[in-house]
Structures are given as C-alpha cells and as structure tokens.
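# Structural overview for review
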Amino acid sequence: MPFSLPREELMEPGHTACHGCGATLAMRYLLKGLGEKTVVSVPASCWAVIPGAMPYRSLDVPMIYTPFASTGASITGIRESLDLQGKEDYSVVGFAGDGGTADIGLQSLSGAMERGHNVFYIMYDNEAYMNTGVQRSGSTPFGATTTTTPLGKRRNFKKQEKKMVADLMIAQGVPYVATATIAYPEDLIRKVRNAKETEGPKFIQILTPCPTGWYFSPDETVEMSRLAVKTRIFPLYEYRNGMFKLTRPSEQLQVWEYLRKQNRFRHLNSTETSMIQEAVERRWSELLSRENRPR
Ligand SMILES: Cc1ncc(C[n+]2csc(CCOP(=O)(O)OP(=O)(O)O)c2C)c(N)n1
C-alpha cells in the first residue's frame, strides 16, 4: 500500500543530543505517527536532557519528566486523568531508554501493561545506560564492551545475551508489540499507527544506534540501524492481537558486517563472532516458527 510520510514536524531543531543520535530520530518518527494530540512521559535518560533546559524545548507536545523507575505508572496516571477530562483522543506515551525499561522500570512497565490501560510504551534501545556514561544494561548485547564491562586483561566484555523486552511483552499478553528501527521510518510510523488503532496497551522496542556509546562515526547511525536488520541481529516484527509477523530483510548479511563497524565489538575473535552468528540463526528460526503458531 502506498505510504505518505507526514510532513508535520512535532520535534523542532535545536535539541541537545549528541551528533548522530539515533534516539532523536525515534522521537521524530513517533510523533509523526501520533500527531499533536500526544503527551509524552520521559524518565531519567538521554531524552531527559535532549529536549533542552527550560524555557527552551524542542518538542511541540506536552511532556512530563518522571523518576527513573516509574514510566509505566506515570503513563497510566496521565491516561486516567485525561480520560476523566474527556480527552480520550490524546495518545499517552512513555518514552524510556533500555536501562529504564529492561532493568529499573520493568516492574512498572509490566504493571501498566497488565492493568490494560490504553497507553503506548516506547523503549528506545541504545543498548546501554548512555546518559551516565555507557554502563551495561540488560539490553546490552553479548560481546559488547561498556564502561562497566571494560575489556581489560580478562576480556571482560558482556557475557550475557540481550534481554528482548518485546518478547517479554508478548509473553505477558500485551495486545500490540513490535520492534522497529530508525533506518526504516515508514515501517516505524506504520507500526505506530497500527498500535494506535489497537485498543489497550502497546509496546514498541526501537533500536536507536548510539555513536557515542557504540563507538562509530556519527554519520553512520542510519547505516548501523540498517545493518542490524540485514544481519538479523535486530529482527523487525509485529505482533497484533495474537498474530505474529516477521519482516524479512531485502538482503541477508553475516553478523561480522555489523560487528566490525563498531569499536565496542572490536576485540571479538572468530570463535566469538561465530557464536553470535549461531545465536542469530537460532533466534531467526524460532521467530519464523512463531509466524504460523497460533497463540
Ligand atoms: C533512581 C535513579 N538511579 C540512577 C539515576 C541516574 N541516571 C540518570 S540517566 C541514567 C541512564 C539511563 O539509561 P537508559 O535508560 O538506558 O537511557 P539512556 O541514557 O541510554 O538514554 C541513570 C543511571 C537516576 N536518575 N535515578
């Protein structure tokens, strides 16, 4: 179906993000999908500083800052309050980083989704606690170095697998769950719109490459996002009312094409790279099998 990208910009220039920040594009496309009747709740994160300090701000929608662990609780409160005022047509969105979602905010998120409120939760996933200096999160992938998993003499890179919060949300019975990334704005905006049409809670995990924490050149953010999909390291899927659909990339690349471009993976040897390739293949087959499996 033909798709027209909305011209309306609800995110203005003049924000304070690092050059090449993927998370700025995530917010920009999200707001294109939702329109001006949107309220955003942001916890402690890069996005808590990106809009700018009062009286300046780069967002043309109301925004509230919430404590690190309480994004889920805050959006359900805002939702209830708007509904009482007869403003059911407003979208209420939690916009949190991966640390604030996969780790510290997980119970608040899970509670909000379980209570069934009509809210959006967007996890912008830059795969570490970036605002405080690139500490490892539950969403940091296997193999990455961070400031809390520095390589050192013992090759102390992250040894655990990435926690896929979107998968947890499906397991919990959330009616709309998707993964997206900024290299594919049409796919991302279409998912935001599909989520809007779905009654109840919605969760979207958006991979947002971070040049500062992944150590690549700021002009390669979109390329990094595209490579994550083409290597199938970050598969794009949509789960809507029990139907699971996986997007097959136009081209299939080996994981090293992605890993070699980021200094956080520079130390990986061929055995470790093969382990990542095998894990990607296993996960891909598992996702494929979900397409035909009724929930
Ligand atoms: C309760 C609490 N603990 C720690 C902090 C410090 N803090 C502020 S932002 C941040 C990192 C957030 O990481 P993430 O959620 O991944 O978002 P990102 O910074 O990557 O955008 C931390 C640890 C805080 N503000 N509140």
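This section reports on the structure supplied with the text. Throughout this document, residue positions are counted from 1 along each chain, in the order its sequence is written. Selection of residues for local features in this predicted model requires a pLDDT of at least 70, selection of side-chain atom pairs for listing and counting requires 80 or more, and totals for whole chains, interfaces and linings are taken over all residues.

## Looking at the overall build of the protein chain
In terms of helices and strands, the protein chain carries 10 helices and eight strands. Radius of gyration: C-alpha atoms only; globule rule: 2.2 Å multiplied by the number of residues to the exponent 0.38. The C-alpha radius of gyration computed for the protein chain amounts to 18 Å, which stays within 12% of the reference 19 Å derived for 295 residues, consistent with globular compactness. Along the first, second and third principal axes, the C-alpha set of the protein chain runs to 60 × 50 × 40 Å. Taking all 295 residues of the protein chain together, the buried fraction comes to 46%. We call two residues in contact if the C-beta atoms placed from their backbones are at most 7 Å apart. Long-range contacts, defined as pairs at least 24 residues apart, comprise 67% of the intrachain contacts of the protein chain with a sequence gap of at least 6. Elements are defined by DSSP. Helices are runs of H or I of four residues or more, strands are runs of E of two residues or more, and each kind is numbered from the N terminus. Counting other C-beta atoms within 10 Å of a residue's C-beta gives its exposure: the residue is buried at 20 or more, exposed at 12 or fewer, and partly exposed in between, where C-beta atoms are placed from the backbone.

## A look at the pairing of strand 1 (residues 38-43)
The buried fraction of strand 1 amounts to six of the six residues, a majority that puts the element mostly inside the structure. For two strands to be treated as a pair, DSSP must find no fewer than two bridges joining them. As defined by bridge partners, strand 1 adjoins strand 3 (residues 91-97) across four bridges and the pair is classed as parallel. Residue pairing for strand 3: Val40 is matched across the bridge by Val93. Bridge count for strand 1 against strand 2 (residues 63-66) is four bridges, and the pairing is parallel. From the neighbouring strand, Val42 faces strand 2, where its bridge partner is Tyr65.

## Let's talk about the packing of helix 2 (residues 71-84) against helix 4 (residues 106-115)
Packed helices, taken two at a time, are described by the angle their axes make and the gap between the axes. At a minimum axis separation of 6 Å, helix 2 and helix 4 run at an interaxial angle of 35°. Where helix 2 abuts helix 4, its residues Thr71, Gly72, Ala73, Ile75 and Thr76 lie against Ser108, Leu109, Gly111, Ala112 and Arg115. Only the stretch in contact is used when fitting a helix axis, every axis being a line fitted to C-alpha atoms; angles between N-to-C directions are given from 0 to 180 degrees.

## Some points on the packing of helix 1 (residues 22-34) against helix 6 (residues 185-197)
Between helix 1 and helix 6, the shortest axis-to-axis distance is 8 Å and the interhelical angle comes to 45°. One element, helix 1, and the other, helix 6, form an angle in the oblique class. For helix 1 against helix 6, the interelement crossing comes out right-handed. Only Pro185, Leu188, Ile189, Val192, Arg193 and Lys196 of helix 6 make contact with helix 1, whose side of the interface consists of Tyr29, Leu30, Lys32, Gly33 and Leu34. Gly falls in the polar group here, along with every residue not listed as nonpolar (Ala, Val, Leu, Ile, Met, Phe, Trp, Tyr, Cys, Pro) or charged (Asp, Glu, Lys, Arg). Looking at the contact of helix 1 with helix 6 residue by residue, the class counts come to seven nonpolar, one polar and three charged. Any angle that is under 35 degrees is reported as roughly parallel, and any over 145 degrees as roughly antiparallel; angles of 65 to 115 degrees are reported as roughly perpendicular and all others as oblique. Handedness of a crossing is defined here by the sense of rotation of the near helix relative to the far one, left-handed for an anticlockwise turn of less than a right angle and right-handed for a clockwise turn.

## Focus on the sheet that holds strand 4 (residues 120-125)
Taken together, eight strands build an open sheet; the order of strands is 2-1-3-4-6-5-7-8 and the sheet is mixed. Of all the strands in the sheet, just strand 2 and strand 8 (243-246) have a single pairing partner and so form its edges. Strand-to-strand twist in this sheet, taken as the mean axis angle between neighbours without regard to direction, amounts to 20°. The pairing of strand 5 (residues 176-181) with strand 6 (residues 202-207) spans six bridges and is classified as parallel. Within strand 6, the residue paired with Tyr176 across the bridge is Lys202. Lying over the sheet, helix 2 contacts strand 1, strand 2, strand 3 and strand 4, oriented at roughly 170° with respect to strand 3. Sheet strands in contact with helix 10 (residues 270-291) are strand 7 (237-240) and strand 8, and its direction is about 135° off that of strand 8.

## Digging into the site of the ligand
Taken together, 16 residues lie around the ligand, and Ala44, Cys46, Gly97, Gly99 and Asn131 are the ones closest in. For the shell around the ligand, the secondary structure elements donating two or more residues are strand 3 and helix 3 (98-103). Here the shell around the ligand takes three residues from helix 3, the largest share from any one element. Per-class residue counts for the shell around the ligand are seven nonpolar, eight polar and one charged. For each residue, a C-beta atom is positioned from the backbone; the residue is called near a molecule or strand if that atom sits within 6 Å of it.

## Concerning unusual backbone geometry
Peptide bonds are, in most cases, trans, and in most cases residues other than glycine have a negative phi. Backbone torsion omega between Met54 and Pro55 reads 5°, so that peptide bond is classified as cis. Structurally, Pro55 is set in the loop between strand 1 and strand 2. Backbone geometry at Arg155 places phi at a positive 50°, although glycine is not the residue there. You can see Arg155 is positioned in the loop between strand 4 and helix 5 (165-171). Residue classification places Arg155 among the exposed residues on the basis of 12 C-beta atoms within 10 Å. The phi torsion at Tyr215 lies on the positive side, around 65°, for a residue other than glycine. Within the element layout of this structure, Tyr215 appears in the loop between helix 7 (211-214) and helix 8 (221-230).

## Some thoughts on helix 1
Spacing of three or four residues puts side chains on the same side of an α-helix, whose turn is 3.6 residues. Expected span of a helix: the number of residues minus one, times 1.5 Å. The end-to-end C-alpha distance of helix 1, which contains 13 residues, comes to 19 Å, matching closely the 18 Å that a straight helix rising 1.5 Å per residue would cover. Among the 13 residues that make up helix 1, 12 are buried, leaving the element largely enclosed by the rest of the structure. Of the residues making up helix 1, those classed as buried are Gly22, Ala23, Thr24, Leu25, Ala26, Met27, Tyr29, Leu30, Leu31, Lys32, Gly33 and Leu34. On the buried face of helix 1, the contacting elements are strand 1, strand 3, strand 4, helix 6, strand 6 and helix 8. Positive phi appears at Gly35, one or two residues downstream of helix 1, with a value of about 85°.

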